[in-house]
Every structure is written in structure tokens, then in C-alpha cells.
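Architecture at a glance
This is what each chain is made of:
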Amino acid sequence: MQFKMLGSRVVVLLLLLFLFVGQIVSSETTMHTNNWAVLVCTSRFWFNYRHMANTLSLYRTVKRLGIPDERIILMLADDMACNARNKYPAQVFNNENHKLNLYGDNVEVDYRGYEVTVENFLRVLTGRHENAVPRSKRLLSDEGSHILLYMTGHGGDEFLKFQDSEELQSHDLADAVKQMKEKRRFKELLIMVDTCQAATLFSQLQSPGVLAIGSSMKGENSYSHHLDSDVGVSVVDRFTFYTLAFFERLNMYDNASLISLFGSYNPSTLMSTAYYRTDLHQRRLEEVPVTNFFGSVMETIHTDSAYRVLSRKESSRVEIRMSTDKSDHDKERLLLNSNDFDQISELNAEDQQGAIKRIWSTFHEEVQKVKDVDAFVNHGLVIMLPLLTFSMWLSW
């Protein structure tokens, strides 16, 4: 009786060990599957025209580099394009030459005007929406997602103003990012903030996998780049202007790294000191392409020659081969399942200690064969069946 209780405890410990190891492997080997962008302009009023232009400029850039609209959450606290003071109705510019209308035909605003609040912003990050919120307004990321979070507006020491009436505190941002990590809503997160004393907004961050860059240090202001006399206000901030200048030289296939982006900011031209925080990020910046956050994730197949059209005879051969491969695979799965059940039935006639050793060795061999997380989980489920059956048999 005592031996049965001991054997039951050993099985439970093995199960707990399996779950623990599986969680570690899953967190370390999760594939980078997709990219998302959350772009936020927090300022109202005509004199903050440049903040909307900043956000729309980043919106245009990430779309040009391959992130589709369905993976971009765009939040604009005011509609400068339709403002009565705008000399150019339905148009927004980030340069006094007026060559590029940022408010073109393909702008999809998800949160507009008074919808841009601290509460809605935090709901977007954490995924805690009411049932009525449509999918287009949700950040539907997963544990393999890389997320770019860009924010611009007026800020100060550890806060960012929303709508000139409420504030996002640094601990609010840190808590939301912590929830995102616990709920496996991202693999890596890049936070970019263009505001006064932007660096102070990152002081409370503690979640792994997070990068952060701000336009200014504590006690520093973030300045506009130039005034458009026709529009009557400044049309872009310095930090965002030089960020755009960097990306205008790139396309989605370039391998420029984050260290090249971070190193491109000159304090003399910014009139402030760009600050970036990397202690929470596992990879070296030299190894991280900028398109990991600002571009798309594309699976590229390299071929020596152009694609050719298969003839009917060749296509039928391919179909036959695929069907035979599938049937062979199904047979292997059936054989594996039958072998597992045979192993379970033989346990009653064998010595208990030997059975535990064999199960453990089988588990170890399967782990050594693992090549991806899905295979690891599948093998684990197969191994758990005999372990649970053996535990129930010992408790009788």
C-alpha cells in the first residue's frame, strides 16, 4: 500500500515537471508570427496639428513596409483634416512643400475624437473590451506577435496627457504591459514615444521582451521641426521627422537593424537626447531588423528559376503523392496509438519500478526528438495517457 502511494506521488511529480518544462520551452521557442502597430495621437486642438501629422506619418510608413490595416490600431484624438481652420480641407501634411497628403483615401481610423481616452487605450493593450466592440478595434495579437506602440502628444515627468483632460501614468503603462505579457499577447514589444521627458514614461517597465525609445530625457523638451506658414502651425516634431527620414531610405526587404535606427538620432539636430532602454530585451539590437516591428513578417521561398505551370499529368502525380503520404502518416499515427495502449495493458503484469523507469526513458527520448513547440505538446499528450492510467491503477 505504501509503495502504491509512493508510485502515485512520483507520477504526479513527473506530470508537474512536464508541465513546467513545457511552459519554459514554449516561452523560449515561440516563433515570430506576425506584426502589429498601435499608433496613438493623444492631443486635441488646432495648435497640436503636428501630433496628428506625426501619427499619420508613422501610419503611412508601417503600411508601406508591409503591415496591413487589419493589424494597425490608429487612434487620433482630433480631426485636423476637417478643422474649420484648415486651409486645405481633408488634407494633412508633414512638410511645408505639401507634396504628401497624409490623410489620403486609405486611412482607417479606429478610435477618433473623444474615443481616444486612457481607458480605451488600456483596453486595447490588455484586450479587455466590452462585447459590443468590433474586431477591427481590437488588438488581436498572440504570443508570437511583435508589436510597435507609438505615442505622441504632450507629456511630463512619468505621464502623458490625453485630450488635455486626463493623464496616462508610467505605472499605468507598466501594468498594462505586464498584463499583456501574462496573457501572452506579444513576443516582443517596442514602445516609441515622442513627447517632452519621454524617457520617464519607461521607468516602471519590468516585463521581459520590451524595448523602449523616447525623444527626450527627464527635464528635456521635445521640439517641433518646422513651421508651415500656409497652415499656420508646426507640422511635424523633430524626433518623428528624423525617424521618417531614416525609414524613407528603406523598403520591407532591407535588413537595417534597430541599432542603426537608434544610432541615427543626433542630439544637436533633435535639440534633445533620445533615450532607449534595452535591459528587458533578450536579443542584441544588432540582431533585430527594424522590419521586425515596423514591417511585415513574410515567409520567402527562394528558387533558382521562375515558377512554371504544372501540366495536368504532373499535377495529378503531385495529388497522388500527397494522398499516399497522408495515408502513410495516418497509419503511423494509428500504429503509435495502438502501441501506447498495448504498453498500458502490459503495465499490470510488470514490476512497478521498472515501468516508471521505462516511461521516464520514453519521455526523455521523445523530448530529444522535439523540433518545435507543437511537436513537444503532441508528444506530451501521448505520454500523459499512460501516466494517468498507471496513477489510477495504483490508487485502486
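Here, every reference points to the structure presented above.
Residues numbered from 1 in each chain as written. Predicted model: local features only at pLDDT ≥ 70, side-chain atom pairs only at ≥ 80, totals over all residues. Heavy atoms only, no water.

**Some thoughts on the packing of aromatic side chains**
Formally: The pairing test for Phe, Tyr and Trp rings, Trp by its six-membered ring, is centres within 6.5 Å, and the orientation test on the planes gives stacked under 30 degrees, edge-to-face over 60, and tilted for anything in between. Exposure classes here rest on a 1.4 Å probe applied to the protein chains alone. A residue is buried below 20% of its type maximum, exposed above 50%, and partly exposed in between. Geometrically, a charge over a ring is one whose NZ (Lys) or CZ (Arg) sits within 6 Å of the ring centre while staying within 35 degrees of the ring normal.
The full count for this structure, using the stated rule, is 9 aromatic pairs. Here the aromatic rings of Trp46 and Tyr49 are separated by 5.2 Å at their centres, their planes lie at 75°, and the arrangement is edge-to-face. On the basis of relative accessibility, which here comes to 9%, the residue Trp46 falls in the buried class. Overall, the relative accessible area of 0% leaves Tyr49 in the buried class. Ring geometry for Tyr88 and Phe93: centres 5.6 Å apart, planes at 90°, overall edge-to-face. With a relative accessible area of 18%, Tyr88 lands in the buried category. In this structure, Arg44 is placed above the aromatic ring of Tyr114, and the distance from its NZ or CZ to the ring centre is 4.2 Å. Taking NZ or CZ as reference, Lys137 lies 5.1 Å from the ring centre of Tyr111, over its face.

**Description of the side chain of Ser216**
Rules: To qualify as a helix, a DSSP run of H or I must reach at least 4 residues; to qualify as a strand, a run of E must reach at least 2; elements of each kind are numbered from the N terminus. Within 3.5 Å is the distance limit for a polar contact, defined as a pair of N or O atoms, with the added protein rule that one can donate a hydrogen and the other accept it, and that residues adjacent in sequence qualify only through two side-chain atoms. When checking whether two residues touch, look at their non-hydrogen atoms; a contact exists if any pair is within 4.5 Å.
With respect to the helices, strands and loops of the structure, Ser216 is situated in the loop between strand E9 (210-214) and strand E10 (224-228). Looking at Ser216, the relative accessible area reads 0%, which means it is buried. A polar contact of 2.8 Å, which involves the side chain of Ser216, links it to the backbone nitrogen of Gln197. Apart from the residues lying within four places of it in its own chain, the contact partners of Ser216 are Thr195, Cys196, Gln197, Ala198, Ala199, Asn221, Ser222, Ser272 and Thr273.

**Digging into helix H3 (residues 118-126)**
Along H3, the residues that are buried comprise Val118, Phe121, Val124, Leu125 and Thr126. Residue Gly127 follows H3 closely and has a positive phi angle near 80°.

**Comments concerning the packing of helix H2 (residues 49-64) against helix H5 (residues 238-247)**
Selection rule: For every element, the axis is a line fit to its C-alpha atoms; helices are fit only across the contacting stretch, and the angle between N-to-C directions ranges from 0 to 180 degrees. An angle below 35 degrees is treated as roughly parallel, one above 145 as roughly antiparallel, one from 65 to 115 as roughly perpendicular, and anything else as oblique. For any pair of crossing helices, the crossing counts as left-handed if the nearer helix is rotated counterclockwise from the farther one by less than a right angle, and right-handed if it is rotated clockwise. In this count, Pro and Cys sit with the nonpolar residues alongside Ala, Val, Leu, Ile, Met, Phe, Trp and Tyr, while Asp, Glu, Lys and Arg are called charged and the others, Gly among them, polar.
Relative orientation of the contacting elements H2 and H5 amounts to 15°, with a least axis distance of 10 Å. The orientation of H2 relative to H5 falls into the category roughly parallel. You can see that H2 and H5 cross each other, and the crossing is left-handed. Contacts between H2 and H5 involve Asn54, Ser57, Leu58, Thr61 and Arg64 from the first element and Thr240, Leu244 and Phe247 from the second. For the contact of H2 with H5, the per-class residue count stands at 3 nonpolar, 4 polar and 1 charged.

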